[in-house]
Amino acid sequence: MKDAQALKVEIEKQLIKPIEEISIIKLVDLFIAYSYISQASDIHIQPGEHRLRIRFRIDGILQDIFDHIGISMGLQPEIISRIKVLSGLRTDEHNEPQDGRFKAEIEGIGNADVRVSIAPTHYGENAVMRILAETRTFALKDLGFQEKEYDIVYRAIKKPYGMILANGPTGSGKTTTLYTILKELNRPEVSIITIEDPIEYSLEGTNQIQVNSRVGLTFASGLRSILRQDPNIVMVGEIRDEETANIAVNAALTGHLVLSTLHTNDAATTFPRLIDMDVPPFLVASTVNLVMGQRLVRTICTECKGKRVVTEAEKKSLSELLPEVKLDHQGLFKGKGCNLCNGTGYRGRVGVREVLEVNDDIRTLILKRADASEIKAAAVKSGMRTMIQDGFQKALQGITSIEEILRIIRE
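Keep in mind that what you see is a predicted model, and the values were worked out from it rather than measured.

### Considering helix α1 (residues 4-15)
Then comes step 1: The terminal C-alpha atoms of α1, which comprises 12 residues, lie 16 Å apart, in line with the 16 Å expected from a rise of 1.5 Å per residue.
Then comes step 2: Buried residues belonging to α1 abut α2 (24-37) and β4 (71-72).

### Concerning the pairing of strand β12 (residues 257-262)
Then comes step 1: With 6 of 6 residues buried, β12 lies mostly within the body of the structure.
Then comes step 2: Of the two faces of β12, the one lined by Leu257, Leu259 and Thr261 and the one lined by Val258, Ser260 and Leu262 are each fully buried.
Then comes step 3: Pairing of strand β8 (residues 162-167) with β12 involves 6 bridges; the strand directions are parallel. Its bridge partner being in β12, Met163 is matched across the sheet by Val258.
Then comes step 4: Bridge count for strand β11 (residues 233-236) against β12 is 4 bridges, and the pairing is parallel. If you follow Val234 over to β12, its bridge partner there is Val258.
Then comes step 5: At this point the chain moves from β11, through helix α7 (residues 242-253), to the parallel β12, and the crossover so formed is right-handed.

### Examining unusual backbone geometry
Then comes step 1: The omega torsion across Asp197 and Pro198 is -5°, close enough to zero to call that bond cis.
Then comes step 2: Summarising the element assignment, Pro198 is placed in the loop between β9 (192-196) and β10 (207-210).
Then comes step 3: Phi angles above zero are rare outside glycine, and Gln39 is one such case at about 60°.
Then comes step 4: Tracing the chain through its elements places Gln39 in the loop between α2 and β1 (40-47).
Then comes step 5: On the basis of relative accessible area, Gln39 is assigned to the partly exposed category, the value being 36%.

### Describing the pairing of strand β13 (residues 288-300)
On any regular strand, side chains alternate: one points to one face of the sheet, the next to the other face.
Then comes step 1: For β13, the tally of buried residues reaches 12 of 13 residues, placing the bulk of the element in the interior.
Then comes step 2: Two elements, β8 and β13, share 5 bridges in a ladder whose sense is parallel. From the neighbouring strand, Leu165 faces β13, where its bridge partner is Val291.
Then comes step 3: In terms of strand pairing, β13 meets strand β16 (residues 346-357) through 10 bridges, oriented antiparallel. Bridging across to β16, Gly293 finds its partner in Glu354.

### Examining the pattern of salt bridges
Then comes step 1: The full count for this structure, using the stated rule, is 20 salt bridges.
Then comes step 2: Close ionic contact of Asp64 with Arg53 constitutes a salt bridge, the shortest N to O distance being 3.0 Å. Here Asp64, found in the loop between β3 (61-63) and β4, pairs with Arg53, found in strand β2 (residues 51-58); they are 11 residues apart in sequence, far enough to count as distant.
Then comes step 3: With relative accessibility at 27%, the residue Asp64 sits in the partly exposed group.
Then comes step 4: A salt bridge links Arg240 to Asp197; its shortest N-O distance comes to 3.5 Å. Here Asp197 lies in the loop between β9 and β10 and Arg240 lies in the loop between β11 and α7, a separation of 43 residues in the sequence.
Then comes step 5: When its relative accessible area of 44% is taken as the criterion, Arg240 is described as partly exposed.
Then comes step 6: A single network of salt bridges, built from pairs that share partners, joins Asp197, Glu238 and Arg240.

Definitions and cut-offs
Residues numbered from 1 in each chain as written. Predicted model: local features only at pLDDT ≥ 70, side-chain atom pairs only at ≥ 80, totals over all residues. Heavy atoms only, no water. Helix = DSSP H or I, 4+ residues; strand = E, 2+ residues; numbered from the N terminus. Expected span 1.5 Å × (residues − 1). Contact = heavy atoms within 4.5 Å. Buried < 20%, exposed > 50% of the residue type's maximum accessible area, 1.4 Å probe, protein only. Pairing = 2+ DSSP bridges. Right-handed = clockwise from strand over helix to strand, strands pointing away. Salt bridge = Lys/Arg side-chain N within 4 Å of Asp/Glu carboxyl O.

Written out as structure tokens, the structure reads:
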């Protein structure tokens, strides 16, 4: 198995050859292998007026790894055609968006599922390949929970019914969290059924249903069908509308463990959001067991990590956010940048979370239709660590940097 640096050199050797000597098949294979080894989630093949741009989303940030080469636009149609062939898409269609997927074999590692989206743009077709590696798996302990929060989550997933929700914006790791919980719960004596859009990973031993709006298979209609299939545990990829929200809550009420996601900024906003979706407050209060608000932050590269001095501006920003924290005598860390991390100082990501366990005080506030700030204050009083507090703790432990924590707060 080659490392990222060796694969990068191989790609560069291909890209600097005359176009007629470049092996497109090998080049696309190298892109996928490089993305896997460097832990990139997406590859962007982006056409421009004079040159082709190939970028990799590594640790949530797009990086122009081969920008210094000046890739010829003459490669663009060849690369797009190769991706279309692999995905079973129409090679003669250039004016309509197309979606597909294929399985790639990475030498010395195994298989990765690659999801493909191709769209026509002003300068030609743009392709984005998402790498869904089957072998890249996590356990609950690997997700960055502090010990107390891990115990709360573990206790909640062992309950036979109720709702567990993972919340945050797109790309905050919600799906990975739910898949990891499902893996923990996947035993021969339980039936697990999921409805997803799209199915991100294959989970052996479960039944996974893909949403297909063209034939009327939505989250709501699929969830209705699932409940007639005698499941113990149900995962709904996302609660997007009133109908799905009400069916999911009623499923949790009638003896099913329901896992799902919501797009909210924090854990406490979940309850007003569900009530806005016309779910009666008494149902929200009696079914939701646990809500996790989360973001992903980059972790400091262990190869080039070192201590750093905290600036006055950072002290001011943090004192406004966390008045109880004093940074005067506490060191922080950063990565200096090396070959292993492509000079960024970061390698990998970890979740920063707030884990809100619904207790009697929270239920009373939900029944009163309290706003998110009141619910959050009650949860903090009961011992909930906020995302900012969790992130700051990870910065003090040297897992991430203070710049990363401030970045996600600004977002």
